[in-house]
Amino acid sequence: MSDFSPRNLADLIRRPIITEKATQRLELNQYTFEVQPKATKPEIKAAVELMFEVKVTGVTTQHPPRKARRVGKFAGHRPHYKKAIVTLADGDSITLFPEV
């Protein structure tokens, strides 16, 4: 973790992904995040450990295919993104929905 700049690590993780499948993975202590497309697994692990102060045991990444979208006669694609599924050590957790 020492060879990564903390300033750059905070920009790697864009947002948590909240879907039905992602919420089912919370029971297995796995959290899903949208990350920068060029982020590597060691960088993602270091960023999550730094931002949330937890111990990461595994990182899985996916590049979902681009989906075609159309607005009237204009055709295009949704923006490209990378998805990271982070497994935490037993006893660690991340609060995605803080109590208000």
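As a reminder, the structure under discussion sits directly above these lines.
Residues numbered from 1 in each chain as written. Predicted model: local features only at pLDDT ≥ 70, side-chain atom pairs only at ≥ 80, totals over all residues. Heavy atoms only, no water.

Student: Which residues make up the pattern of salt bridges, and what values go with them?
Tutor: In total, this model carries three salt bridges according to the counting rule given. As a salt-bridge pair, Glu34 and Arg15 come within 2.8 Å of each other at their nearest N and O atoms. Of this pair, Glu34 sits in strand E2 (residues 30-35) while Arg15 sits in strand E1 (residues 13-16), placing them 19 residues apart in sequence. You can call Glu34 buried: its relative accessible area is 10%. Overall, Arg15 belongs to the partly exposed group, its relative accessible area being 44%. Taken together, the salt bridges that share partners define one network made up of Arg14, Arg15 and Glu34. (Salt bridge = Lys/Arg side-chain N within 4 Å of Asp/Glu carboxyl O. Helix = DSSP H or I, 4+ residues; strand = E, 2+ residues; numbered from the N terminus. Buried < 20%, exposed > 50% of the residue type's maximum accessible area, 1.4 Å probe, protein only.)

Student: Quick one: what's the story with the nonpolar core, residue by residue and with numbers?
Tutor: Core analysis: the biggest nonpolar cluster contains 18 residues, and Phe33, Ile44, Val48, Val86, Leu88 and Ile94 have the highest contact counts within it. For this core, the secondary structure elements donating two or more residues are E2, helix H3 (41-52), strand E3 (56-62) and strand E6 (82-88). Per element, the largest residue contribution to this core is four residues, and it comes from H3. If we ignore the near neighbours within four places in the chain, the residues touching Ile44 are Leu12, Val35, Ala39, Val59, Thr61, Ala84 and Val86. (Core = buried A, V, L, I, M, F, W, Y, C linked by side-chain atoms within 4.5 Å. Contact = heavy atoms within 4.5 Å.)

Student: Give a detailed account of the packing of aromatic side chains, specifying residues and quantitative values.
Tutor: Across all of its chains, the model carries one aromatic pair by this definition. Their ring planes at 25 degrees and their centres at 5.8 Å tell us that Phe33 and Phe52 sit as a pair that is stacked. Here Phe33, found in strand E2, pairs with Phe52, found in helix H3; they are 19 residues apart in sequence, far enough to count as distant. Phe33 sits in the buried class, given a relative accessible area of 2%. (Phe/Tyr/Trp six-rings, centres within 6.5 Å; stacked < 30°, edge-to-face > 60°.)

So yeah, pure geometry; function would need other evidence.
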